[in-house]
Amino acid sequence: MAEHRVVTPFIEKFRSFLRGRKVIPQLRYADLTSARTQPPPEIPGGPNHKTSKIYYFTRDARREVELPIEIFVDKQITAGCQSNK
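A quick note: this is a predicted structure, and the numbers were derived from the prediction, not measured. (Residues numbered from 1 in each chain as written. Predicted model: local features only at pLDDT ≥ 70, side-chain atom pairs only at ≥ 80, totals over all residues. Heavy atoms only, no water.)

(A) Summary view of the side chain of serine 16. Examined against the element boundaries, serine 16 turns out to sit in helix α1 (residues 9-19). Serine 16 has contacts with Arg21, Lys22 and Val23, leaving out every residue within four places of it along the chain. (Helix = DSSP H or I, 4+ residues; strand = E, 2+ residues; numbered from the N terminus. Contact = heavy atoms within 4.5 Å.)

So this is what it looks like as structure tokens:
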């Protein structure tokens, strides 16, 4: 495995000297992170376990959206027509 390096050894020692402590790089490497073979958590169900039981579900405005209503059905407005009463 190759050594994990951000800068050259000279620059790393120079930075450590100026800071007065060892510089810890903020990069994350795949072989240094935790394994992804962890089991999924077992979380017990609670009052908000089902979406239909949550109060927010009933007051969500996105669920109240309906198709547009046609106001003029079988009526056509023509220019220049006036109705005599």
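That shown, we press on.
(B) Region of interest: the packing of aromatic side chains. Under the counting rule described, the total for this entry stands at one aromatic pair. Seen in terms of ring centroids, phenylalanine 10 and phenylalanine 14 are 6.4 Å apart; in terms of plane orientation they differ by 10°. Their pairing is stacked. In this pair, phenylalanine 10 and phenylalanine 14 are both assigned in helix α1, four residues apart and thus about one turn of the helix distant. (Phe/Tyr/Trp six-rings, centres within 6.5 Å; stacked < 30°, edge-to-face > 60°.)

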